[in-house]
Amino acid sequence: MPPSKRWSGIAFLLLAAAAAGRAQTGALLPEVNAAIAAAAVQTTGLLARIEGRTGQPRTWQNGQVTLVGPSDWTCGFFPGVLWLLYEGTGEARWRDAAARATAQVESAKNNRGTHDVGFMLNCSFGQGYRLTGAAAYREVLLTGAATLATRFNANVGAIRSWDFGTWRYPVIIDNLMNLELMLWSARAGGPSTHATIATSHADRARADHYRADASSWHVVDYEPTTGVVRGKSTHQGFSADSAWARGQAWGLYGFTLMYRETRRPEYLEQAGRIANFVAQHARLPTDKVPYWDFDAPATPTPPRDTSAAAILASALIELSGLTTGAAAQQHLTLAEQLLRSLMSPAYRAAPGENGNFLLLHGTGNLPGGSEIDVPLIYGDYYYLEALLRYRARFAEPARLLNLSSRAFVGTADQVLIAGLVVGGGASRQVLIRALGPALGAFGVAGTLNDPRLRLFRGSDLIAENDNWSGDPLIAEAARRVGAFAVTEPAGRDAMLLLTLPPGAYTAQVSGLGTGQGVALLEAYEVRETLP
Ligand code: GLY
């Protein structure tokens with residue numbers, strides 16, 4: 001068979017496989033693993049650069065790292081980078097650094113002056129909660145969601161973005177990203193109205209922000225008393241009617257997450273249309289890293305925006321996993337092209353260069369003359385998220401075996417101990433339960449009255465819980481894995497729902513105080529991961 005025929009035969013088989021189900025390649029996995037390791041080395045240097053200084057890195061300009069405080073919209077991304085490196089490497093030093101950085105941005109939970117509370121908290125406390133299950137992080141997130149809800153106006157049906165400028169009620173496309181916090185809150189014990197706010201906002205964005213070609217305006221200004229659209233414009237794009245690259249990326253990511261959380265088909269359809277707009281755009285360069293605006297004049301050559309590329313890559317990996325057939329393959333192929341470019345020396349900084357940020361050539365606000373052709377911490381965050389999403393999708397799918405062990409728990413050293421191993425090449429979400437009071441419903445006598453659950457990696461305590469308190473996310477995870485429902489009203493059993501990097505762990509159950517009695521220790525892999 002001539003080579004061209006052989007290749008077209010292979011291409012046909014790949015297409016047939018894709019058409020039949022989920023998109024597949026995973027061809028970049030070795031490079032992705034190497035890029036995660038390289039990101040850890042590079043960020044070690046960034047931590048050294050800011051040693052002893054307060055604030056979160058945002059960019060590097062004129063030989064200096066710019067640090068920002070908890071009122072800056074980008075403050076959550078560096079804590080998020082550190083959490084993602086913990087997930088990527090399993091090393092305690094990243095978790096400790098992430099926890100320190102996260103603590104510095106806590107006051108964002110009370111910031112009523114911006115829609116960016118979602119960005120600020122989700123990437124810091126949200127990632128921390130996902131990876132540690134710490135109840136204190138959950139409280140910060142719920143408070144932040146309540147704060148963000150104060151910016152919702154029912155006449156408009158959307159969350160107000162900014163308080164500055166001459167607009168009356170500006171809503172920017174970026175704001176879709178903040179809806180993730182609202183939807184999470186509604187599932188995690190916050191008011192159900194938080195979900196209604198999120199869907200209402202997304203519905204208005206779909207109706208008002210999008211043009212017939214599936215590109216978006218940046219800013220839509222509403223009349224706050226009637227909800228009537230007053231005007232459509234841009235703040236960071238080339239012109240009112242242009243397609244600002246990062247705006248297209250926020251929209252793609254936003255509608256993808258809306259579909260993941262609600263399963264409403266119109267959100268998936270919207271995400272698919274945006275993906276097609278980007279993928280088929282005549283001015284998308286061959287390396288797929290967009291110019292800062294799709295409509296920027298061609299001469300002189302416009303700057304690229306690697307942050308838009310990274311957001312697109314991360315969103316497309318998720319979207320391809322939520323789609324089947326040829327569309328799934330198309331989204332994954334573009335994501336791989338983007339990642340291949342971003343991991344190359346054209347866009348990824350050499351070790352120790354670029355102020356130790358990961359990506360070169362971001363564009364923050366070109367019309368405002370700020371942050372042009374520089375690293376941007378949000379570009380780094382979504383790049384790392386895309387790498388980890390890719391790894392989670394294609395790494396060797398070794399499984400945690402579910403375990404269950406019942407024993408008498410006494411005082412001092414008489415703790416109940418079980419080992420669990422997260423195998424394979426990627427992190428896994430697990431549910432671990434230390435049950436005492438819950439066993440009463442099954443007629444077990446002499447149960448441990450108030451169990452405490454602690455999880456170790458080596459001698460390192462990585463998570464603990466005393467009372468699960470009826471956490472709705474944990475109840476939902478238990479339902480999904482088929483564990484029996486715990487209805488004991490005081491919530492004194494101990495449980496952890498968290499995402500663990502690959503490695504060997506030890507779970508320990510002890511009684512609080514002098515308590516002793518029978519306890520059951522269970523661990524489950526949550527295969528259908530909760531966001
Ligand atoms: N959300 C602000 C920006 O994308 O620049």
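Before reading further, recall that the structure is shown in the block above.
Residues numbered from 1 in each chain as written. Predicted model: local features only at pLDDT ≥ 70, side-chain atom pairs only at ≥ 80, totals over all residues. Heavy atoms only, no water.

Visitor: Which residues make up the environment of leucine 384, and what values go with them?
Guide: Of note, leucine 384 is situated in helix 13 (residues 377-394). Considering only alpha carbons, one finds leucine 384 and proline 290, 94 residues apart in sequence, at a separation of 18 Å. Here leucine 384 is in contact with Ala39, Val81, Leu84, Leu85 and Leu358, once residues within four sequence places are set aside. (Helix = DSSP H or I, 4+ residues; strand = E, 2+ residues; numbered from the N terminus. Contact = heavy atoms within 4.5 Å.)

Visitor: A description of the sheet that holds strand 13 (residues 451-457) should follow, citing residues and the corresponding values.
Guide: Read from one edge of the open sheet, 4 strands run 11-16-13-14, paired in antiparallel fashion. A strand with exactly one partner marks an edge of an open sheet, and here the two such strands are strand 11 (416-422) and strand 14 (460-465). In this sheet, neighbouring strand axes are inclined to one another by 25 degrees on average, regardless of whether the strands run parallel or antiparallel. Relative to strand 14, strand 13 is paired through 5 bridges, and the arrangement is antiparallel. Bridging across to strand 14, leucine 453 finds its partner in asparagine 465. (Pairing = 2+ DSSP bridges. Axes fitted to C-alpha atoms, helices over the stretch in contact; angles between N-to-C directions.)

Visitor: How would you explain the nonpolar core if you had to name every residue and give the values?
Guide: In terms of nonpolar packing, the biggest core is built from 161 residues, with Leu339, Tyr382 and Leu455 touching the most fellow members. Looking at this core element by element, the count peaks at 11 residues for helix 13. With residues up to four places along the chain from it excluded, the contact list for tyrosine 382 reads Phe77, Phe119, Cys123, Met177, Trp250, Tyr253, Ala310, Ile311 and Ser314. Membership of the second largest hydrophobic core comes to 6 residues, among which are Ala158, Tyr169, Val171 and Val220. (Core = buried A, V, L, I, M, F, W, Y, C linked by side-chain atoms within 4.5 Å. Buried < 20%, exposed > 50% of the residue type's maximum accessible area, 1.4 Å probe, protein only.)

Visitor: So what about the site of the ligand? Which residues, and what values?
Guide: The environment of the ligand is formed by Trp73, Asp174, Gln236, Trp244, Arg246 and Trp250. Taking aspartate 174, its side chain carries an N or O atom lying 2.7 Å from a nitrogen atom of the ligand. Taking tryptophan 250, its side chain carries an N or O atom lying 2.9 Å from an oxygen atom of the ligand. When the ligand is considered free in solution it has 200 Å² of accessible area, and contact with the protein chains removes 93% of it. A molecule is said to occupy a pocket when more than half its atoms come within 2 Å of that pocket's grid points, and by this definition the ligand occupies the second largest pocket. Considered class by class, the residues forming the shell around the ligand number 3 nonpolar, 1 polar and 2 charged. (Near = heavy atom within 4 Å. Polar contact = N/O pair within 3.5 Å; in protein donor to acceptor, adjacent residues only side chain to side chain. Areas by Shrake-Rupley, 256 points an atom, 1.4 Å probe, with all protein chains shown as cover. 1 Å grid on protein atoms, 1.4 Å probe; cavity = no way out; pocket = protein on both sides within 12 Å on 5 of 7 lines; lining within 4 Å. Sits in = over half its atoms within 2 Å of the grid points. Nonpolar A, V, L, I, M, F, W, Y, C, P; charged D, E, K, R; others polar.)

Visitor: Lay out helix 10 (residues 265-279) in plain terms, naming residues and giving numbers.
Guide: Taking 1.5 Å as the rise per residue, helix 10 with 15 residues should run 21 Å; its terminal C-alpha atoms sit 21 Å apart, in good agreement. Within helix 10, the full set of buried residues consists of Tyr267, Gln270, Ala271, Gly272, Ile274, Ala275, Phe277 and Val278. (Expected span 1.5 Å × (residues − 1).)

Visitor: Account for unusual backbone geometry, with residues named and values stated.
Guide: Backbone torsion omega between threonine 299 and proline 300 reads -10 degrees, so that peptide bond is classified as cis. For proline 300, the location among the structural elements is in the loop between helix 10 and helix 11 (306-321). With a phi close to 60 degrees, arginine 263 is a non-glycine residue in the positive phi region. Inspection of the secondary structure puts arginine 263 in the loop between helix 9 (245-262) and helix 10.

Visitor: With reference to specific residues and values, describe the packing of aromatic side chains.
Guide: In this structure the tally under the stated criterion is 23 aromatic pairs. Look at tyrosine 129 and tryptophan 184: their rings are 5.8 Å apart centre to centre, the planes differ by 80 degrees, and that puts the pair in the edge-to-face class. Taken together, the positions of tyrosine 129 in helix 5 (residues 117-132) and tryptophan 184 in helix 7 (residues 179-187) put the pair 55 residues apart, joining distant regions of the chain. On the basis of an interplanar angle of 40 degrees and a centroid distance of 5.9 Å, the ring pair of phenylalanine 255 and tyrosine 267 is categorised as tilted. One end of the pair, phenylalanine 255, is in helix 9; the other, tyrosine 267, is in helix 10, with 12 residues separating them in the sequence. (Phe/Tyr/Trp six-rings, centres within 6.5 Å; stacked < 30°, edge-to-face > 60°.)

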